[in-house]
Amino acid sequence: MASTVNDPTGERPGYGSLLRTRGALSFLLPGFLARQPFAMLTIGILLLVNHTTGSYGTAGTVSATAGVAMALFAPQSGKLADRFGQAAVLIPGVIVHAAAISLLTALALSDAPVWALLVAAVPAGASTPQIGPMVRARWAAKLDGSPLMTTAAAFESVTDEFTFVIGPVLATALCAGVHPAAGLIAEAALTLIGGLLFATQRRTQPQPNAGAAAGADGKRVSALSVPGVRVLAVSMLGIGTVFGGMQVSMTAFTKELGEPGLNGLMYGVFAAGNMIAGIVCGAVAWKTSPQRRLLIAYPLLALATTPLWAAHALPLLGGAGLLVGLCIAPALITGYTLVEKLVPASARTEAFTWLTGAVGLGQAAGATVGGRLIDAHSASTGFLVPLGGTALALVVLLALRKALTPKGESLLAARGVGHREPVSVD
């Protein structure tokens with residue numbers, strides 16, 4: 001049974017206790033600034049390239065290339081951060097990213113050929129700083145073994161969702177009201193300034209572990225070698241298909257009904273459900289293990305995506321989208337919470353980046369497959385992507401659920417039967 005330990009002040013664990021953790025605000029505030037560009041990148045590329053080429057297809061391909069590069073290279077960034085320290089990776093990373101974005105912007109504005117844009121999109125995406133996983137790793141280092149880890153995971157989920165609501169709106173407003181390249185320029189500037197400010201907070205970063213995660217043959221062991229991380233990555237891939245499928249399908253659905261201006265409202269309702277559920281998850285003192293919570297939450301998410309394709313009116317779509325949003329947060333938060341139990345401290349940043357990268361990869365795949373279904377049939381068929389993605393991931397999750405039980409923890413304890421001795425929270 002998960003402990004309901006109080007913090008040293010005698011208060012129930014919650015957001016107040018979390019934010020009073022010593023040194024937390026020193027990395028949360030610059031981290032919040034630095035992570036905003038994460039959601040501005042792909043939409044900024046999409047709007048700029050569409051403006052210069054006049055093709056949504058080309059713009060989508062260049063944007064997706066950056067997104068896939070970001071997802072594939074993120075774990076390598078996390079591995080280096082675990083080994084050499086976050087600042088050592090982040091400082092050169094944000095400089096490279098700003099330069100790559102500048103190059104891509106210049107090429108787009110000079111009507112460069114598509115192949116040049118695709119080549120430039122790779123380093124632009126690959127160099128995207130992984131601020132969210134780095135913040136999560138700092139929480140894990142400070143709250144190791146504390147019941148506040150679930151609260152921290154919920155707090156980060158809500159922050160991420162807020163980022164994915166604000167970032168695209170900011171990028172779109174800048175591109176439409178200032179200049180088509182303004183969204184990308186702002187993304188590069190915020191990444192550089194916020195990333196450098198975050199990197200200066202060295203006291204709260206996890207200690208580098210240059211040799212702590214080495215195997216018997218002397219080679220470093222990847223976080224992906226932990227079976228539970230692979231299972232969680234698949235589950236996050238499924239969650240990513242929900243985000244990608246919802247974005248492209250809602251856009252097409254509102255346009256098909258002649259109300260394209262309501263797309264933002266529809267996605268906002270979906271995002272609001274995610275944020276509300278995330279806040280509630282962090283406020284609850286859970287008495288069941290995260291393994292059991294994930295095995296309950298994920299089937300509910302898959303079930304919630306079922307009625308999406310049958311919605312034939314905006315109010316119905318809004319209600320279905322809200323329900324899906326409410327079901328995403330519990331699965332997402334619990335997945336990140338499990339990393340603290342499954343992965344040693346020396347590889348946690350890498351583990352978090354695998355999960356974040358899996359969400360991004362699933363999002364790109366969901367948008368691509370959903371777009372093809374919509375082009376071939378109708379907007380409603382795009383909503384089959386979230387259902388298919390979560391259903392396939394659920395099969396893997398159920399089949400390999402034993403991998404989610406940390407070594408040394410009994411199966412009964414993983415199911416929530418048994419007791420743990422209370423520990424104090426520093």
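Residues numbered from 1 in each chain as written. Predicted model: local features only at pLDDT ≥ 70, side-chain atom pairs only at ≥ 80, totals over all residues. Heavy atoms only, no water.

Help me out: how do you make sense of the overall build of the protein chain in this one?
The helix and strand inventory of the protein chain stands at 16 helices and 0 strands. The buried share among the 426 residues of the protein chain stands at 51%. Intrachain contacts of the protein chain at a sequence separation of at least 6 include 83% that bridge at least 24 residues. Split by element, the accessible area of the protein chain, about 17800 Å² in all, is 68% carbon and sulfur. (Helix = DSSP H or I, 4+ residues; strand = E, 2+ residues; numbered from the N terminus. Buried < 20%, exposed > 50% of the residue type's maximum accessible area, 1.4 Å probe, protein only. Contact = heavy atoms within 4.5 Å. Areas by Shrake-Rupley, 256 points an atom, 1.4 Å probe, with all protein chains shown as cover.)

I would appreciate a short explanation of the packing of helix 10 (residues 227-256) against helix 12 (residues 290-304) in the present structure.
A pair of packed helices is captured by two measures, namely the crossing angle of their axes and the spacing between those axes. Close contact between helix 10 and helix 12 brings their axes to 12 Å; oriented N to C, the two are set at 25 degrees. It follows from the interaxial angle that helix 10 and helix 12 lie roughly parallel. For helix 10 against helix 12, the interelement crossing comes out left-handed. The residues of helix 12 that touch helix 10, namely those facing L232, S235, G238 and I239, are L294, Y298 and L301. (Axes fitted to C-alpha atoms, helices over the stretch in contact; angles between N-to-C directions. Parallel < 35°, antiparallel > 145°, perpendicular 65-115°, else oblique. Left-handed = near helix turned anticlockwise from the far one by under 90°.)

Can you help me understand the side chain of T353 in this one?
Looking at the secondary structure, you find T353 in helix 14 (residues 348-376). Owing to a relative accessible area of 1%, T353 belongs among the buried residues under this scheme.

Quick question: what am I supposed to make of empty space enclosed by the protein here?
To locate leftover empty space, one rolls a probe as large as a water molecule over the atoms. Applying the stated criterion across every chain yields a total of 3 cavities of 30 Å³ or more. Each pocket or cavity is described by its volume, and for the largest cavity that value is around 50 Å³. Lining of the largest cavity is provided by R136, W139, M149, A152, A153, E156, Y336 and F352. For the lining of the largest cavity, the secondary-structure elements that each account for two or more residues are helix 7 (131-142) and helix 8 (148-177). Across the lining of the largest cavity, the residue classes tally to 6 nonpolar, no polar and 2 charged. (1 Å grid on protein atoms, 1.4 Å probe; cavity = no way out; pocket = protein on both sides within 12 Å on 5 of 7 lines; lining within 4 Å. Points joined across faces, edges and corners; volume = space filled by probe spheres on them. Nonpolar A, V, L, I, M, F, W, Y, C, P; charged D, E, K, R; others polar.)

What is the right way to read the confidence of the model for the protein chain from this model?
Atomic detail in the predicted coordinates should be set aside for any region of low pLDDT. Per-residue pLDDT for the protein chain has a mean of 78; in total, 86% of the residues score no lower than 70. Confidence drops under a pLDDT of 50 for residues 212-218, and excluding neighbours within four residues, the segment shows 10 contacts in the predicted structure. (pLDDT = per-residue confidence, 0-100.)

When you look at helix 5 (residues 86-109) in this model, what are you seeing that I'm missing?
Every α-helical turn comprises 3.6 residues, leaving residues that sit three or four positions apart pointing alike. In this model, helix 5 (24 residues) spans 34 Å end to end at C-alpha, consistent with the 34 Å of a helix rising 1.5 Å per residue. D111 occupies a position one or two residues after helix 5 and carries a positive phi of about 55 degrees. (Expected span 1.5 Å × (residues − 1).)

Help me understand unusual backbone geometry, please; the structure alone is not making it clear to me.
Leave glycine aside and you will find that most residues have negative phi; peptide bonds, for their part, are mostly trans. The phi angle at D111 is positive, at roughly 55 degrees, despite the residue not being glycine. On the basis of relative accessible area, D111 is assigned to the exposed category, the value being 59%.

How should the nonpolar core be read in this particular structure?
Generally speaking, soluble globular proteins have nonpolar side chains that are buried together. Formed by 79 residues in total, the largest nonpolar core has its most connected members in W139, I239, F270 and I328. Ranked by size, the runner-up nonpolar core spans 19 residues in total, among them L41, L48, A59 and A124. (Core = buried A, V, L, I, M, F, W, Y, C linked by side-chain atoms within 4.5 Å.)

Whenever I open this one, a nonpolar patch on the surface confuses me. Can you help?
Residues L72, F73, V122, L237 and L361 make up a contiguous nonpolar surface patch of about 390 Å² in total accessible area. With respect to the helices, strands and loops of the structure, L72 is situated in helix 4 (residues 56-84). (Patch = residues over 30% accessible without salt bridge, like charges linked within 9 Å, V, L, I, M, F, W, Y side chains within 5 Å. Salt bridge = Lys/Arg side-chain N within 4 Å of Asp/Glu carboxyl O.)

Help me understand the packing of aromatic side chains, please; the structure alone is not making it clear to me.
Tallying each qualifying case throughout the model produces 2 aromatic pairs. Residues F27 and W139 carry aromatic rings whose centres are separated by 5.2 Å and whose planes lie at 75 degrees to one another, so their mutual orientation is edge-to-face. With a gap of 112 residues between them, F27 in helix 2 (residues 24-35) and W139 in helix 7 connect regions that are remote in the sequence. You can call F27 buried: its relative accessible area is 0%. For W139, a relative accessible area of 1% gives the class buried. Between the aromatic rings of F243 and F270, the centroid separation amounts to 6.0 Å while the plane-to-plane angle is 65 degrees, which identifies the pairing as edge-to-face. Of this pair, F243 sits in helix 10 while F270 sits in helix 11 (residues 263-283), and the two are 27 residues apart along the sequence. Judged by its relative accessible area of 9%, F243 is buried. Note that R136 overlies the ring of Y336, its terminal NZ or CZ placed 3.8 Å from the centroid. The lysine or arginine in question, R138, covers the ring of F198, its NZ or CZ lying 4.2 Å from the ring centre. (Phe/Tyr/Trp six-rings, centres within 6.5 Å; stacked < 30°, edge-to-face > 60°. Lys NZ or Arg CZ within 6 Å of the ring centre and 35° of its normal.)

Is there a simple way to explain the packing of helix 12 against helix 15 (residues 384-399) in this structure?
Relative to each other, helix 12 and helix 15 sit at 155 degrees, their axes nearing to 9 Å. As far as their axial angle goes, helix 15 and helix 12 are roughly antiparallel. Relative to helix 15, the crossing made by helix 12 is left-handed. Here helix 12 contributes L294, L295, Y298, P299, L301 and A302 to the contact with helix 15, which in turn contributes L387, T390, A393, L394, L397 and L398. Its residues placed into classes, the contact of helix 12 with helix 15 shows 11 nonpolar, 1 polar and no charged.

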